[in-house]
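# Structural overview for review
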Amino acid sequence: MQKIGRIVVLTLLILGFSVTSVLAAGSEYIVKSGDSLWKIAQNNSMSVSELKTLNGLTSDFLSIGDKLMLRSSPNRTPVVSVSRAPIPTASAGNGVYVVQAGDSLWQISLRSGTSVARLKELNGLTSDMLSVGQKLNIGTGAVAVAVPSRSGDSIDGSRVITKAAEFLGTKYSYGGQSPSGFDCSGFVYYIYKQFGYSLPRTAADQFEKGLAVEKDSLQAGDLVFFTWGGGSYINHVGIYSGNGQFIHSSSPSSGGVIYSSLTNGSYASYYAGAKRILR
């Protein structure tokens, strides 16, 4: 009987350990391929801002394997907060950037204040393909910060921004919808047409298309809209490029096709919403 009792106790201890292990494994959310903060927040009845606050995040970027803490609830166990490896930067002295996993030419060009065409020229590149560990010349004195690739961004979104960046500096032309000159909606119309999308011609009509997107859930390729000058009429549009910026055909005095920030100046004041065209 004593032997049987010991076996029963040992069995219960093993079962208890197994259950504890399962609960521990289920107490944290590990980021998978295709995840985004918006998707994780929706699946756990949270807001993106709450998820970012809980984990001390200052951007929407996620890396596969990150561990995220979720809000405590009767059906959820508190979990380990997100941890990241140190973020490397290029040397400001030599202007050399080492390609990280998830990087693309348009991301590097955006962060280093240059263009995709310029990066290709500096490095003798004939395609957009990059290899992890590859060293890129980004220009003397330039600095590019390596950030994790944003999980959930559409590949088409990256392609859209890459295409749009080819026209940086193209002059503003009212009613223009070709590389000889663009107005804001003509630029969006032209870029999306290159990928087989047929959008309406005006910013107001483009605003009626696609899926509405919250500002803190924007992805590369989303359209961002403004009521320039106030009021309720949509009269300006651009393409979100990441890191709080968007590319658009601004005005003759601003230099035509440029990058601007959603968080500064009039664009922050007149921001009206965003739509996701890419699915």
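Remember, predicted model here, so these are calculated numbers, not experimental data. (Residues numbered from 1 in each chain as written. Predicted model: local features only at pLDDT ≥ 70, side-chain atom pairs only at ≥ 80, totals over all residues. Heavy atoms only, no water.)

## Re the sheet that holds strand S8 (residues 223-226)
Spatially, S7-S12-S8-S9-S10-S11 is the arrangement adopted by the six strands of the open sheet, whose pairing is antiparallel. Each having just a single partner strand, strand S7 (211-213) and strand S11 (257-261) make up the two edges of the open sheet. Shown here is a sheet whose adjacent strand axes are inclined to one another by a mean of 40°, direction ignored. Sheet analysis places S8 next to strand S12 (residues 271-276), joined by four bridges and oriented antiparallel. Along S12, the bridge assignment pairs Leu223 with Lys275. Together, S8, strand S9 (236-242), strand S10 (245-249) and S11 form the strand contacts of helix H7 (residues 184-193), whose direction differs from that of S9 by roughly 50°. (Pairing = 2+ DSSP bridges. Helix = DSSP H or I, 4+ residues; strand = E, 2+ residues; numbered from the N terminus. Axes fitted to C-alpha atoms, helices over the stretch in contact; angles between N-to-C directions. Contact = heavy atoms within 4.5 Å.)

## As for the packing of aromatic side chains
Under the definition given, this model contains 12 aromatic pairs. On the numbers, 5.6 Å between centres and 80° between planes, the contact of Tyr192 with Tyr197 is edge-to-face. Residue Tyr197 is classed as partly exposed on the basis of its relative accessible area of 25%. Linked through ring pairs, Phe226, Trp228, Phe246, Tyr267, Tyr270 and Tyr271 together constitute an aromatic cluster. The ring of Tyr271 is capped by Lys215, whose NZ or CZ atom sits 4.5 Å from the centre of that ring. Above the plane of the ring of Phe207 lies Lys275, whose end atom (NZ or CZ) is 4.6 Å from the centre. (Phe/Tyr/Trp six-rings, centres within 6.5 Å; stacked < 30°, edge-to-face > 60°. Buried < 20%, exposed > 50% of the residue type's maximum accessible area, 1.4 Å probe, protein only. Lys NZ or Arg CZ within 6 Å of the ring centre and 35° of its normal.)

## Here's the deal with the nonpolar core
Counting 24 residues, the largest nonpolar core has Phe187, Ile191, Tyr192, Leu223 and Ile239 as its most contacted members. The element that contributes the greatest number of residues to this core is H7, accounting for six residues. In this view, Phe187 contacts Ala164, Phe167, Gly176, Phe182, Ile239, Ile247, His248, Ser249 and Val257; residues no more than four positions away in its chain are not counted. (Core = buried A, V, L, I, M, F, W, Y, C linked by side-chain atoms within 4.5 Å.)

The values are spatial; any link to function lies outside them.
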